[in-house]
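Residue strings, one per chain:
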Amino acid sequence: MCSPSSVRSQAAVAERNPVSVTAPGDREIVVQRDFNAPRQAVFAAYTQPALLRRWFGPYGFTLSECDIDLRVDGHWRYVVRGDDGSEMIMQGYFREIDPPRLLVTTQVFGDVYVADDASIATAQFDERDGRTTLTITVRYPTAEQRDRMAMSGMADGMGEGYERLDDLLASM
Amino acid sequence: MDENRLDATFGALADPTRRAIVARLAHGDASVGELCEPFAMTQPAISKHLKVLERAGLISRRRDAQRRPCRLQARPLAEATEWLAEYRRFWEGSFERLDDVLAELGEIAGSSG
């Protein structure tokens with residue numbers, strides 16, 4: 001029987017858990033991923049700027065600004081900056097906060113917050129046997145906006161044909 | 001990439017028939033008649049899809065004679081594909097780094113126990 005600390009160090013070198021991206025309904029994207037940690041830790045990493053800066057955003061980008069007012073109706077704002085100087089701003093407000101189980105926020109891209117353009121992001125943290133399943137459901141204001149975002153998930157679902165197309169285009 | 005073009009590209013590709021048309025044209029030019037074959041669709045229906053793709057700059061059509069072959073224009077599609085790959089990598093990359101942060105937090109908790 002593994003002790004908790006050896007399970008954790010095994011997790012550090014184990015294969016990465018896969019990310020699932022799906023597009024149910026007409027205006028949602030659901031991202032789901034398991035983590036080898038209790039949900040208290042995942043929730044903390046998700047809501048504390050000092051921790052967020054260490055993981056949020058792809059390689060080659062940094063979370064250069066991360067302001068979080070963690071209370072209902074509090075404001076949050078991220079600035080993700082790339083090596084090439086490109087910048088993406090995300091911001092919104094907290095709607096529901098129920099640590100370590102649930103976080104609901106509104107979300108827009110860009111410097112100006114327009115409530116009608118905001119998506120609603122629900123993050124659920126479900127724990128079982130010391131492991132957490134994080135489920136992020138983003139509901140877009142229109143089906144059109146969701147469809148654009150969902151292309152990445154749908155691309156995988158399309159199977160081989162689309163991947164061959166990728167390869168072909170990469171070679172052009 | 002031009003935001004409007006990205007929108008037009010994604011709008012054009014948001015339909016499974018149009019994606020399949022694009023995939024077919026990736027293997028070479030085709031006439032409208034040839035493009036109808038895989039689908040249980042009339043030529044006017046296919047032509048509607050082709051108009052959307054043409055407006056988005058994803059295909060070009062030669063205006064000669066009767067066959068009017070369609071050709072895939074790769075650049076807008078490559079740019080959109082690049083954006084999609086970026087979006088997916090965004091999540092994968094972020095969560096891999098989150099794994100590492102959590103592993104460190106776990107070690108700290110374990111060693112202070």
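Because the structure is a prediction, the values reported are computed rather than measured.

Conventions and cut-offs
Residues numbered from 1 in each chain as written. Chains lettered and ligands numbered in written order. Predicted model: local features only at pLDDT ≥ 70, side-chain atom pairs only at ≥ 80, totals over all residues. Heavy atoms only, no water. Helix = DSSP H or I, 4+ residues; strand = E, 2+ residues; numbered from the N terminus. Buried < 20%, exposed > 50% of the residue type's maximum accessible area, 1.4 Å probe, protein only. Contact = heavy atoms within 4.5 Å. Areas by Shrake-Rupley, 256 points an atom, 1.4 Å probe, with all protein chains shown as cover. Polar contact = N/O pair within 3.5 Å; in protein donor to acceptor, adjacent residues only side chain to side chain. Phe/Tyr/Trp six-rings, centres within 6.5 Å; stacked < 30°, edge-to-face > 60°. Axes fitted to C-alpha atoms, helices over the stretch in contact; angles between N-to-C directions. Parallel < 35°, antiparallel > 145°, perpendicular 65-115°, else oblique. Nonpolar A, V, L, I, M, F, W, Y, C, P; charged D, E, K, R; others polar.

A. The overall build of chain A, seen in detail. Within chain A one finds 5 helices and 8 strands. Each helix and strand of chain A, placed in order from N terminus to C terminus, yields the pattern α-β-β-α-α-β-β-β-β-β-β-α-α. Considering chain A as a whole, with its 172 residues, one finds that 38% of them fall into the buried category. If you take every contact in chain A between residues at least 6 apart in sequence, the share linking residues at least 24 apart comes to 35%. Within the structure as shown, chain A displays about 9200 Å² of accessible surface, and the carbon and sulfur contribution to it stands at 49%.

B. How the structure looks around the side chain of A:Arg77. In this fold, A:Arg77 is placed in strand E4 (residues 75-82). Reaching out from A:Arg77, the side chain makes a polar contact with the side chain of A:Glu65 at a distance of 2.9 Å.

C. Molecular detail of the packing of aromatic side chains. What the rule picks out here adds up to 10 aromatic pairs over all chains. Considering the side-chain rings of A:Phe35 and B:Phe95, the 5.4 Å spacing of their centres and the 80 degrees angle between planes classify their relative orientation as edge-to-face. In this pair, A:Phe35 is assigned in strand E2 (residues 28-35) and B:Phe95 in helix H5 (residues 74-111), connecting two distinct chains. Summarising the aromatic geometry, the rings of A:Tyr46 and A:Phe125 are spaced 5.4 Å apart at their centres and angled 85 degrees between planes, so their arrangement reads as edge-to-face. With A:Tyr46 in helix H2 (residues 39-47) and A:Phe125 in strand E7 (residues 119-128), the pair connects residues that are 79 residues apart, well separated along the chain. Neither residue differs from the other here; A:Tyr46 and A:Phe125 are each classed as buried. Here the aromatic residues A:Phe35, A:Phe43, A:Tyr46, A:Trp55, A:Phe56, A:Trp76, A:Tyr78, A:Phe125, B:Trp91 and B:Phe95 are joined through ring pairs into a cluster of three or more.

D. Region of interest: the packing of helix H2 (residues 16-25) of chain B against helix H4 (residues 43-55) of chain B. Residues and elements named next belong to chain B. Where H2 meets H4, the axes come as close as 10 Å, and the angle between the chain directions of the two elements is 75 degrees. Compared by their axis directions, H2 and H4 come out roughly perpendicular. Across the interface between the two elements, Thr17, Arg18, Ile21 and Val22 from H2 touch Ile46, His49, Leu50, Val52 and Leu53 from H4. Across the contact of H2 with H4, the residue classes tally to 6 nonpolar, 2 polar and 1 charged.

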